[in-house]
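Coordinate inspection notes
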Amino acid sequence: MVIVTVHIVEWFQTHNFAIIKSNIMESKIATAEGGTIAITKQVRAFGTAAPAGPLKQLNIQRRKPTPHDVEIEILFCGVCHSDLHTARNEWHGTIYPCVPGHEIVGKIVNAGSHVKKFKVGDFAAVGCMVDSCRECEYCKEGLEQYCEEGMTGTYNSTDPHLGIQTYGGYSESIVVDEVFVLKVPENLDLASTAPLLCAGITTYSPLRHWNIGPGKRVGIVGIGGLGHMGVKLAKAMGAEVIVFTTSPSKIEDAKRLGADHVVLSKDKDQMQRYSGRLHFVLDAVSAEHDINAYLKLLKVDGTLALVGAPEHPLPVAAFSLIPKRRSFAGSMIGGIAETQEMLDFCGKHNIVADIEMINIQQINEAYERLLKGDVKYRFVIDMASLKK
Ligand SMILES: [Zn+2]
Ligand SMILES: [Zn+2]
């Protein structure tokens, strides 16, 4: 029976043909003997059926592992602002029911016959993507996040196997091709490692891309889920780190996280002191703010990279860029190889996120607190609570 399943699922994948599509009923396919076999398994999850609805417990279908897949029992899942935006359809295009979560750490409970990187019992992690075309120039370069066909997001994408939407980490288990699964350094606390899979790589990748290291002066704008990781990572890379914040209450904390200097961005004199002095600015603010004030801090050939996503376009003055050949850029997560590199770097430097652990039943309250910036600095869900 297992052999038949594997064979048919492979055929099903290569022909990209869903025999029975459903996100409520178990998917079944016909066998040569005239019977049917299940190619999905029902698992418990937490999600929402509508933009306005609170998240609550529901059941979803996951595919049964193909030869290249691993099945991961989810132990912890970080809560990213994207989860909230998607659950509430704030970026439009949410497919319901929606199960968010893309900062996943768990344990391998099932490994397909062709799986090489993992064995049952290993700890493993999944970030923001679970597949890509693997053939375009970007996928071949290890930049799967910029895949020409569009990466398959861990949630709210179309699952190429089942044809239904992908479901994220607010669930008891997930099935992912091992190529898109990461190894977790043994020395790191598992719960605090979860946010590295989105907040960690989102800040690590631009810092690496713009060659941050000793001798570089780096500004981090905004101390939240992303910014606090940016400070830790830039510091560990050997840079001089200057944090820009609007709140005096965050000065001490920014120093504790590793900042060499903290600047209150509302104070014009303090801002002036860094005018034309920074090699790089990582802007992790998703609220409206004056981008020109930060561009002016850059030296000749300096770059400001956005990783926060303000809702409205930011006005950029030409003369914030022209006189010093400055660049205004953006960056999105990182490729799979770079995500592994980031995790290994964090293992070597003992870096994890600062977290507040919650039970899944507290997720709606956590979203409200997230909107107020009332978390230091990432909520992580203890997924054992889903079994309650
Ligand atoms: Zn995220
Ligand atoms: Zn591609």
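Please refer to the structure higher up on the page.
In this report, we go over the structure that sits alongside the text.

So, how was this worked out
- Residues numbered from 1 in each chain as written.
- Chains lettered and ligands numbered in written order.
- Predicted model: local features only at pLDDT ≥ 70, side-chain atom pairs only at ≥ 80, totals over all residues.
- Heavy atoms only, no water.
- Helix = DSSP H or I, 4+ residues; strand = E, 2+ residues; numbered from the N terminus.
- Buried < 20%, exposed > 50% of the residue type's maximum accessible area, 1.4 Å probe, protein only.
- Lys, Arg positive; Asp, Glu negative; His and termini not counted.
- Salt bridge = Lys/Arg side-chain N within 4 Å of Asp/Glu carboxyl O.
- Polar contact = N/O pair within 3.5 Å; in protein donor to acceptor, adjacent residues only side chain to side chain.
- Contact = heavy atoms within 4.5 Å.
- Pairing = 2+ DSSP bridges.
- Donors = N, O, S within 2.8 Å, 3.2 Å for Na, K, Ca; no water.
- Expected span 1.5 Å × (residues − 1).

**Focus: the side chain of Arg326**
- The topology assignment puts Arg326 in the loop between helix H10 (318-321) and strand E17 (327-330).
- Asp301 provides the closest opposite charge to the buried, salt-bridge-free Arg326, at an N-O distance of 9.3 Å.
- A distance of 2.9 Å separates the side chain of Arg326 from the backbone oxygen of Leu298, its partner in a polar contact.
- Not counting the four nearest positions on each side in its chain, Arg326 is found in contact with Gly276, Leu295, Lys296, Leu298, Lys299, Gly302, Ser320 and Leu321.

**So, the pairing of strand E5 (residues 69-79)**
- The element E5 is extensively covered by neighbouring structure, given that nine of its eleven residues are classed as buried.
- Of the pairings in the sheet, the one linking E5 to strand E10 (residues 173-177) comprises five bridges and is antiparallel in character. Across the sheet, the residue bridging to Asp69 is Asp177, located in E10.
- Relative to strand E6 (residues 104-111), E5 runs antiparallel, the two being bridged by seven bridges. Bridge pairing links Val70 to Ala111 in E6.
- Judged from the four bridges that link them, E5 and strand E19 (residues 378-382) form a sheet pairing that is antiparallel.

**Some thoughts on the coordination of the zinc ion (ligand 2)**
- Looking at the zinc ion (ligand 2), the protein donor atoms are Cys133 (SG), Cys136 (SG), Cys139 (SG) and Cys147 (SG), and they sit 2.3 to 2.4 Å from it.
- Each donor residue of the zinc ion (ligand 2) lies on one chain, and together they are spaced C-x2-C-x2-C-x7-C. Side by side, Cys136 and Cys139 carry an identical accessibility label, which is buried.

**Some remarks on the coordination of the zinc ion (ligand 1)**
- Around the zinc ion (ligand 1), the protein contributes the donor atoms Cys80 (SG), His102 (NE2) and Cys198 (SG), at 2.0 to 2.2 Å from the metal centre.
- In primary-sequence terms, the residues that donate to the zinc ion (ligand 1) follow C-x21-H-x95-C. Here His102, found in the loop between helix H2 (81-87) and E6, pairs with Cys198, found in the loop between helix H4 (190-193) and helix H5 (199-209); they are 96 residues apart in sequence, far enough to count as distant.
- Assessed through its relative accessible area of 7%, Cys198 is described here as buried.

**Focus: helix H11 (residues 336-349)**
- Across its 14 residues, H11 extends 20 Å between first and last C-alpha, which sits within 8% of the 20 Å expected from 1.5 Å per residue.
- Those residues of H11 that fall on the buried side of the exposure criterion are Ile336, Glu338, Thr339, Gln340, Met342, Leu343, Phe345, Cys346 and Gly347.
- On its buried face, H11 sits against strand E8 (129-131), strand E11 (182-183), H4, H5 and helix H6 (225-236).
- Taken from the residues just after H11, Asn350 is the one with a positive phi, measuring 55°.

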